[in-house]
Amino acid sequence: MKIPVTFTLNGTEAAAFADPGQNLLELLRRGLGDLTPKFGCGQGTCGTCTVLIDGEPQLSCLILAETAQGRDVRTTAGLANGPELHPLQTAFMEGFAAQCGYCTPGMLMAAKALLDRNPSPTRDDVIEAISGNLCRCTGYEPIVEAILSAARAPRHSTGRPA
Amino acid sequence: MPVEFRKDLFADERDDNLVEIGKPHIRQDILGHVTGRSPYYDDHLFDGLLHMRCVRSPHHHARIRSIDTSDAERANGVVRIIRPSDVPQNMNTLLALLNFGRDDEPLLTPEKTGYRGEPVLAVIATTEAAARDAVAKVKVDWEELPHVLDVEEALKPGAPVVNATYPNNTFDYHDRYDHQKLRFGDTQAAFTRADHIVEGEYQMSPIEQAPIETCGAIASPETNDRFVCYTSTQALFFSVAVSAKQTALPSSRLHFIGGTVGGGFGGKVDSHHEPLAILGSMLTGRPVKYQWDRAEEMQVGAPRSGERWRIKDGVMNDGRIIAREFTGFFDAGAYTRLTSYGVQKCTGHLPGPYTIPNVASNTYCVFTNRTPSTAMRGFGITGVDFSIECHMDRVADAVGIDPIELRILNAYRDGDMKAHRRTAKNCALIESCQVVAQKSGWALSHDAMAQSSLIGGGIGWRGEIPETVIDFAGEIGERRSNWIDPEPYAGAKQRELVAAGTENEHPATGNAPQREDMVIEAERLGFKVSDGPPNAMPVPGPAPATPPAPADPPIPVAPVPAGTVPPPPAVPTPLNGTGAPRRSTGPGPSLPAAARGAPQPPQPTPEPHPPAPAPVPEPALGTPRPAPTDTAPPAAPDTAPAAPEPAQRPPRRPGVSRFISGPRGRR
């Protein structure tokens, strides 16, 4: 039996029917067509499915879709304001902080949760914040640098949590 | 006929003005990455998408007695079960497209599985969960077979036969040898005059590529009688060609879309998802996704092969390495994939970035009941380089010389002749060592700091191909009957000299004859019987009378003035005493007694496909095993080849691979 789920997705009301047992990642990708969170492991180890739920980074592959009911969900699709990129996105581009790009959406969301909570993180704060996100192209160093450089950049109008 | 390589054409155009290093660049694809819009294969939505999962062997090595799918067929959401007999061309090997190796691996295995996780059936269902449930309902009656997981165990007599296509548990090189050879000079003679012999053994593990995006493909019927396939492949044209072959569709009916890969590192070359997804789409008329989960990626995904290396060096007191022998074992797992090629790539790399006048290697591509191994980031090179550099430290220790200075002393210099008979160019090891020493505060002697890759290379013996001793150990058929130990020279029953200056024209000296329909020569070496000794090498005239072996020449450590050319390296006296390079009819004087006890007459015509030791049973589920199209009858060896047999190979048909069978082709 399908379960109706409504929540806020990137500031807009979203509704979909979830299959019993379906995880939030599948609902976002197949049910709502937001393909920015990726499937990497399905067991909560790689972090590429990371989304923000009420401002906290969560692994959407481990979250039952129906538990998103009434929550505020944010994905990489909502980072940019139209053509205007979020400072994190700009910093990732300029700092070569993505190679294959598959871990990038999860990295960005983990970093956004950090910067929303702590606008001036230390290097250790950044490393801690992305410790649940794996990058196999071994680009951690530029990723850490990009997040630090985004933190130094002027705050972006869309960068704050709603 | 020398081949002209692009890298040679542009060798003089190297730009040393490396102004880009350290400067950030904006990748052209990065906007898609940071906005999450880069289209990976799974980012394409289809109505009515079906999901495929495979029934896999839980055993290292097992025979299928029977399969009961009745419960699975009745399970909720199951649309179709694909069996081996549903695959139009079930057998394939990835490099068949390059005419390298025989079709040895089924897409779905009908009868006997060779590794844990090998797929035997594919279940297509409306959801992934339904496909998983149905897979769990398939009942396979397995007969577990003895398995072998170690490369050298696999080479022992009586070891389980892992892969019926290669019953010796070794890949057959050039249809003739159970290993890939490299021969350059005479290591045995050099060892006898070396001050030190340094030996070492090194073992590398398999390494999983572990991309964050697991391997997969989605195929769907298009409206124009084609199938579209979105894939994570790293090798789109491999995947197109393999899919065309295995689905028996002309490639013009396949529309492949790839190019956005969520990490590959070599693990997305093997092209198993695309043909299965397309086949599922053909059989159901609907879009089908075949995606590995993480557990499959780690267990079934082909890793870098594990390698075992034994290295033996002959070293002089001053640190000059005058001989180096390798015995290498690549663990191919149960099927060839790309390991056969990794071995050849490796052989072209030996003996590492060092100019050593006598080099020999025997490298085996061994089948074991492990997960098949394939490409991964410098495969064939990385493992042996690890061994070589460990060994260099061991040599430095044995001789009592600084390890970096040892490397500088023996390093390639521009113009040096490498063991695979190409000239070293653009060498930079000496400079790299100097910079490393400088940056790390490691004191080098003034002499070592004064060296340069541009100076002293190619002078005298350094630039020449020495007279080379080769042997015929490990010929296919010999191993099957005698199981000779896999060591360089130890089992050599016949030795032969190849004259100095001879280039890559013999499989024993390290370079393969190229794919037959690309070779210009009328006849390929090794399959040709002409006048003269059987299997004669194309040696340009008799070798010059060999002078007595001089002492090992010193490596020039400073610019050598013209005219003071160092003497050539020691060369052995020809075995047959005439100086004429030919295959000796009897054992040489230095051969071990065991080899003398078993003289074997020359074989005029090696068998391209040796007969299997036991009849290969027909696949249980009805997929015919493609027969090699030109299998030579295992004729009794002609012990007196007075009238040489003509070559047993069929006329060459350009563009037609004898390894590709089935209905593929001109449609």
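Please refer to the structure placed before this passage.
Residues numbered from 1 in each chain as written. Chains lettered and ligands numbered in written order. Predicted model: local features only at pLDDT ≥ 70, side-chain atom pairs only at ≥ 80, totals over all residues.

## A few points about the overall build of chain A
Here is step 1: The secondary structure content of chain A amounts to five helices and five strands.
Here is step 2: Secondary structure of chain A in N-to-C order comes out as β-β-α-β-β-β-α-α-α-α.
Here is step 3: With the C-alpha coordinates of chain A rotated into their principal frame, the extents come out at 50 × 30 × 25 Å.
Here is step 4: Within chain A, the proportion of its 162 residues that are buried is 51%.
Here is step 5: For chain A, the share of sequence-separated contacts (at least 6 apart) that also reach a separation of at least 24 residues comes to 58%. (Helix = DSSP H or I, 4+ residues; strand = E, 2+ residues; numbered from the N terminus. Buried ≥ 20, exposed ≤ 12 C-beta atoms within 10 Å, placed from the backbone. Contact = placed C-beta atoms within 7 Å.)

## Describing the overall build of chain B
Here is step 1: Scanning chain B from N- to C-terminus turns up 16 helices and 19 strands.
Here is step 2: Burial statistics for chain B: of 667 residues in total, 49% are counted as buried.
Here is step 3: Partitioning the intrachain contacts of chain B with sequence separation of at least 6 by distance along the chain shows that 79% fall at a separation of at least 24.

## Description of the packing of helix H12 (residues 403-410) of chain B against helix H13 (residues 429-439) of chain B
All names here are of chain B.
Here is step 1: As a packed pair, H12 and H13 sit with axes 9 Å apart at the nearest point and diverge in direction by 160°. Comparing their axes, H13 and H12 come out roughly antiparallel. Viewed along their axes, H12 and H13 form a crossing whose handedness is left-handed. Only Leu429, Ile430, Cys433 and Ala437 of H13 make contact with H12, whose side of the interface consists of Ile404, Arg407 and Ile408.
Here is step 2: Split into classes, the residues belonging to the contact of H12 with H13 amount to six nonpolar, no polar and one charged. (Axes fitted to C-alpha atoms, helices over the stretch in contact; angles between N-to-C directions. Parallel < 35°, antiparallel > 145°, perpendicular 65-115°, else oblique. Left-handed = near helix turned anticlockwise from the far one by under 90°. Nonpolar A, V, L, I, M, F, W, Y, C, P; charged D, E, K, R; others polar.)

## A few points about the sheet that holds strand S6 (residues 112-113) of chain B
All names here are of chain B.
Here is step 1: Pairing is antiparallel across the open sheet formed by three strands, whose spatial order is S6-S2-S8. Bordering the open sheet on either side are S6 and strand S8 (139-144), each of which pairs with just one other strand.
Here is step 2: Of the pairings in the sheet, the one linking strand S2 (residues 62-68) to S8 comprises six bridges and is antiparallel in character. Its bridge partner being in S8, Ile67 is matched across the sheet by Val140. (Pairing = 2+ DSSP bridges.)

## What to know about the nonpolar core
Nonpolar side chains tend toward joint burial in soluble globular proteins.
Here is step 1: With 111 residues, the main nonpolar core has Ala111 of chain A together with Met52, Leu121, Val123, Ile124, Cys229 and Ala277 of chain B as its most contacted residues.
Here is step 2: Broken down by element, this core gets its largest block of residues, eight residues, from helix H3 (residues 104-117) of chain A.
Here is step 3: Residues contacting Leu121 of chain B, with those up to four places away along its chain left out, are Cys54, Val55, Ile67, Ile81, Ile82, Arg83, Leu108 and Val138 of chain B. (Core = buried A, V, L, I, M, F, W, Y, C linked by C-beta atoms within 7 Å.)

Function cannot be read off these values alone, since they describe shape.
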